[in-house]
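Summary of the model geometry
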Amino acid sequence: MPKAHRPHPASRRPGLPGLPGPGLPVRHPLSLLVTAVAGVIAVLGAHHLALSLGALATGLLLTRGRTLRLATLSMIPVVSAGFLLMYAPFGTEPGWWIFTRDGTTTALTLAARILGATAWGLGWGSRIDADPLMRYLQPRVPAGIVYVLGSTLRLLPMARQRWESLQLIHRSRGIEPRRRALLLPLVVGLVDDAAGRARPLQHTGFDLPGRRTVLDPVPDHPASIAYRIAVLLAALALVILI
Amino acid sequence: MPVTSPAPEPAPTPTSTPTPSAHQPAPSAAPLNGWRRIALILAGACIVATWLYLVLTQPSDSSFTGLADSRSTTIALAGFTAPALAMLMIVIPRLPARSLALMPVALVVNIVLGQLVGTMGLPLPLYLDSIGTVLVGALAGPAAGLVTGVLSALIWGTINPTVVCFAATYAFVGAAAGWIARRGWWTGRWWPIALASLIVGFISALLSAPVASFIFGGTAGTGTGLLVSAFRSLGADPMLAVFLQSWTSDPLDKLIVFTLVWLVVRALPQRSIRAFLPDAAPARDA
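Cut-off values and rules
- Residues numbered from 1 in each chain as written.
- Chains lettered and ligands numbered in written order.
- Predicted model: local features only at pLDDT ≥ 70, side-chain atom pairs only at ≥ 80, totals over all residues.
- Heavy atoms only, no water.
- Core = buried A, V, L, I, M, F, W, Y, C linked by side-chain atoms within 4.5 Å.
- Buried < 20%, exposed > 50% of the residue type's maximum accessible area, 1.4 Å probe, protein only.
- Helix = DSSP H or I, 4+ residues; strand = E, 2+ residues; numbered from the N terminus.
- Contact = heavy atoms within 4.5 Å.
- Buried area = accessible area lost by both parts, 1.4 Å probe.
- Salt bridge = Lys/Arg side-chain N within 4 Å of Asp/Glu carboxyl O.
- Polar contact = N/O pair within 3.5 Å; in protein donor to acceptor, adjacent residues only side chain to side chain.
- Axes fitted to C-alpha atoms, helices over the stretch in contact; angles between N-to-C directions.
- Parallel < 35°, antiparallel > 145°, perpendicular 65-115°, else oblique.
- Left-handed = near helix turned anticlockwise from the far one by under 90°.
- Nonpolar A, V, L, I, M, F, W, Y, C, P; charged D, E, K, R; others polar.
- Phe/Tyr/Trp six-rings, centres within 6.5 Å; stacked < 30°, edge-to-face > 60°.
- pLDDT = per-residue confidence, 0-100.

Overview of the nonpolar core
- Formed by 143 residues in total, the largest nonpolar core has its most connected members in F83 and V191 of chain A together with L95, L139, L151 and W186 of chain B.
- A per-element tally of this core places helix α3 (residues 97–119) of chain B first, with 13 residues.
- Setting aside residues up to four positions removed in sequence, L151 of chain B forms contacts with I145 and V148 of chain A together with L88, I92, M103, L107 and W156 of chain B.

Focus on the interface of chain A and chain B
- Each side of the interface is counted separately: chain A has 51 residues, and chain B has 70 residues.
- Contact between chain A and chain B buries roughly 5,100 Å² in total, counting both sides, with carbon and sulfur atoms accounting for 76%.
- Ionic pairing is found between D192 of chain A and R271 of chain B, a salt bridge with its closest N-O pair at 3.0 Å.
- Where chain A packs against chain B, one counts 4 residue pairs in polar contact (both at pLDDT 80 or more).
- Elements with a contribution of two residues or more to the side of chain A that touches chain B: α1 (29–46), α3 (66–87), α4 (101–125), α6 (143–172) and α7 (179–203) of chain A.
- Broken down by element, the residue count for the side of chain A that touches chain B peaks at 13 residues, all from α7 of chain A.

A short note on the pattern of salt bridges
All names here are of chain B.
- According to the stated counting rule, one finds 5 salt bridges over all chains in the structure shown.
- Salt-bridge contacts for K254 lead to D253; the nearest nitrogen and oxygen are separated by 3.0 Å.
- Exposure remark for D253: the relative accessible area of 0% places this residue in the buried category.

Let's talk about the packing of α7 of chain A against helix α9 (residues 238–267) of chain B
- At a closest axis distance of 10 Å, the pairing of α7 of chain A and α9 of chain B adopts a crossing angle of 55°. Overall, the two elements α7 of chain A and α9 of chain B adopt an arrangement that is oblique. Read as a crossing pair, α7 of chain A and α9 of chain B show a hand that is right-handed. Residues L184, V187 and V188 of chain A of α7 of chain A touch α9 of chain B, and the partners they reach there are L263, V264 and A267 of chain B.
- Broken down by class, the residue content of the contact of α7 of chain A with α9 of chain B amounts to 6 nonpolar, no polar and no charged.

Describing the packing of aromatic side chains
- Applying the stated rule across the entire model yields 7 aromatic pairs over all chains.
- Here the aromatic rings of W96 of chain A and F99 of chain A are separated by 5.9 Å at their centres, their planes lie at 0°, and the arrangement is stacked.
- Residue classification places W96 of chain A among the exposed residues on the basis of a relative accessible area of 63%.
- Judged by centre distance (5.4 Å) and plane angle (50°), the rings of F243 of chain B and W247 of chain B are tilted.

Some words on the environment of A230 of chain B
Residues and elements named next belong to chain B.
- Mapped onto the elements, A230 comes out in helix α8 (residues 222–233).
- We classify A230 as partly exposed; its relative accessible area is 38%.
- For the pair A230 and A241, spaced 11 residues apart in sequence, the C-alpha to C-alpha distance is 8.3 Å.

Regarding the side chain of S272 of chain B
- Positionally, S272 of chain B belongs in helix α10 (residues 270–275).
- The contact partners of S272 of chain B, leaving out residues within four places of it in the chain, are D192 and A195 of chain A.

Digging into the confidence of the model for chain B
Residues and elements named next belong to chain B.
- Looking at chain B, pLDDT values average 78 and 78% of them are 70 or higher.
- Note on residues 1–28: pLDDT under 50 across the span, and 66 contacts to partners over four residues away in sequence or across chains.
- Listed scores for the predicted complex are pTM 0.77 and ipTM 0.72.

Quick look at the structure:
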């Protein structure tokens, strides 16, 4: 008698994104991604200051990880300065120093819009678990896309390791490592590694068309599908109505 | 071999495998036939039509003094991003595994350098966000370059959603690097690469300026903002100032990027260059 299928232990954990259990539809990895994308479209398309600021605040609150939140916050002065340089001195209503009143308003409105879209996208994006998302996408999109997405996420630690090795090599030769001097060997080394991986990948027939088997598939629920459709329609409505 | 024109590839047999020359790199995608070719042409036409509509009519539905309002943003978002995504879905199933193996490296290089330059407070009117895309184009051909450009925008978009809108520009830069590779310039002298980079920079500025103008209302960096401000001080209107800033920044940026890639290609071992050439595997049917 064949053994009954036992789900992966992780899939029994309630509320884990993308896995069966009593989790909310929004916690499905694709639902999180769709929410992020729909919000970005709504903020950019609706072009409403309150919506932009709301998205900025919500995005910052939702962002997981101090580093990512700090990265979003660090964009505020850079983006604001860029728009202030472009618009603030060129308005018609006099303000303070080179800052005209209407030009500054335009600049800050545009900056709030970009920052709102960015913070919203990052906030929801930071809640996506890449592994369930890749497993969910595997049978649904071309295999090449999933491979490239997954490999890119895994390559960053390898690149960091190579960077540290290069620094070590330079120090062992009595040379103080400089970023500019390490960039070329880093890129050349990474490409050389990729060349080493390319042939085996080719021999396994990775690029051949056809369905892929996923060992631990991520199920989808009608409620999650309905949620995604509703979110996209809501974004569309905001763009049209506001 | 261009993406849209099929060319015969020799069957790889142990006795007849040619030794590919680094001076004659060729694209790595299997030929696109039938509906795929038509869809690719339509996607390109959609980008051109969006560009023409936005630049010639400058649509607006408000009295907002900036360039980006609701209507123009929606048109630019749909007209530039959707066709780029369609191109990705059309081309990526035709790419061999060895091109796919190179792409993650390219994406990491793009994202790390692009994010570093884009978010630093220094007034540097450069982007340096397409080194990996150009590298893939140079080694694996225009189709692989195009796909890397779009994927770069999508993956970088997870930490900076604004770059997704520039997917069509990135796709063009990658494809252009591949077309240059067909002429064997990447392992030749520097000046043809420099000349090509200036032309690619000029055209990519044409593509990216309407995106920056109509979706974001201008540029979001301090260096590029300073340039726009300088051009506006000289009397240019906001859109012309963004175009002039792009025509200043993009050719310079591409000159640096293409020169770096030229150095990388020259430093690579021949076996690495050969690994990404197309004659290592049989072509697939359409």
